[in-house]
Amino acid sequence: MSDAVIIDGKAFAADLRAEVGRKAALLKASHGLVPGLSVVLVGDDPASHVYVRNKGKATVAAGMDSQEYRLPATASHAEVLETVERLNADDSVHGILVQLPLPDQVDSNAIINAIDPDKDVDGFHTVNVGRLTTGQDSLVPCTPLGCLLMLRHFVGELKGKRAMIVGRSNIVGKPMASLLLREHCTVTVGHSRTQDLPGECRRADVLIAAVGRAEMIRGDWVKPGAAVIDVGINRVPAGEKTRLVGDVCFEEAVENAGWITPVPGGVGPMTIACLLKNTLTAACRRHAIEEPA
Ligand code: GUN
């Protein structure tokens, strides 16, 4: 029998969304300020359309303004850039998110770095990456921020713990490493060339899986009592249908873990909640207002 706490990311994210909504209402009452998020969507990738629609709904539900800018898949780099520059100049827009991936003719790095860093609610701008790694106030990428909030809430003190992050992406692995270093963890980042990945994982008190490989991390890679945060979302065949699994083999890992996030219903719901949180933070900073408690 497993003693692991199965972290309910859906409930935790709903609480965070409600908290952001409460703070947005306070801001409106005290300063007449309504945080605004603009999402730029280029092309017609169905999954991106679903994500963007969900982001818009959650933004409105939290009492904030939501705008969507759609460009065709044939849009030029200059057209996307022009959209971003218009949003940079618009004082009613506090957060800008350009949905990735962008079509090949658009230079994604240049577009991300064209966003005003103080409106970059994804935290992907080079300036925000630099601020995060040097310990300055920054906007922090939503998925790793969600992981950190769950760890702080469920595990508590992280100081001195050994953290292992599997995956070195700019969106999750690297910012997660910066965040956990800031929490005074001892951080290791593993990847496809790491020697003895299972052995490295087995030493970890906090194990973050963000590689994008279905059920790669097995139960015996998990130290007894460790916190396991599974960022992976992989669709795999299941008979006639498909199902979603993480980067961790849940059924095995739950036997060893002290805490574990399921897929779906773990990290996933936290990403949008953190996007709302970042939008509120960006609006407060823009107007030099202290964030409501
Ligand atoms: N596409 C998939 N995930 C993300 C994300 O976190 N931000 C943006 N902008 N695009 C994405």
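1. Topic: the sheet that holds strand S4 (residues 95–98)
Taken in spatial order, the 3 strands line up as S3-S2-S4 in an open sheet, and their pairing is parallel. Among the strands making up the open sheet, the edge pair consists of strand S3 (65–71) and S4. Averaged over all neighbouring strand pairs, the angle between strand axes comes to 15°, with direction disregarded. Relative to S4, strand S2 (residues 36–42) runs parallel, the two being bridged by 4 bridges. Bridge pairing in S4 places Val-39 opposite Leu-97. Running over the sheet, helix H3 (residues 77–89) touches S2, S3 and S4 and is turned about 160° from S3.

2. Regarding the site of the ligand
The local shell around the ligand consists of Leu-97, Val-98, Gln-99, Leu-100, Asp-122 and Phe-124. Leu-100 places a polar main-chain atom, nitrogen or oxygen, 2.9 Å from a nitrogen atom of the ligand. The separation between a nitrogen atom of the ligand and a polar side-chain atom of Asp-122 is 2.6 Å. Protein coverage of the free-state accessible area of the ligand, which is 280 Å², stands at 76%. Of the residues contributing to the shell around the ligand, the split by class is 4 nonpolar, 1 polar and 1 charged.

3. Concerning the sheet that holds strand S6 (residues 186–190)
Two orientations exist for strands paired in a sheet by backbone hydrogen bonds: parallel and antiparallel. In spatial order, the strands read S1-S11-S8-S7-S5-S6; together these 6 strands make up an open sheet with parallel pairing. Two strands close off the open sheet at either side, each with one partner strand: strand S1 (5–6) and S6. Examined bridge by bridge, strand S5 (residues 162–166) and S6 share 5 bridges and lie parallel to one another. Note on S6: the bridge partner recorded for Ala-163 is Val-187. Packed onto the sheet, helix H6 (residues 142–154) meets strand S7 (206–209), strand S8 (227–230) and strand S11 (259–260) and runs at close to 155° relative to S8.

Reading the values: the criteria
Residues numbered from 1 in each chain as written. Predicted model: local features only at pLDDT ≥ 70, side-chain atom pairs only at ≥ 80, totals over all residues. Heavy atoms only, no water. Pairing = 2+ DSSP bridges. Helix = DSSP H or I, 4+ residues; strand = E, 2+ residues; numbered from the N terminus. Axes fitted to C-alpha atoms, helices over the stretch in contact; angles between N-to-C directions. Contact = heavy atoms within 4.5 Å. Near = heavy atom within 4 Å. Polar contact = N/O pair within 3.5 Å; in protein donor to acceptor, adjacent residues only side chain to side chain. Areas by Shrake-Rupley, 256 points an atom, 1.4 Å probe, with all protein chains shown as cover. Nonpolar A, V, L, I, M, F, W, Y, C, P; charged D, E, K, R; others polar.

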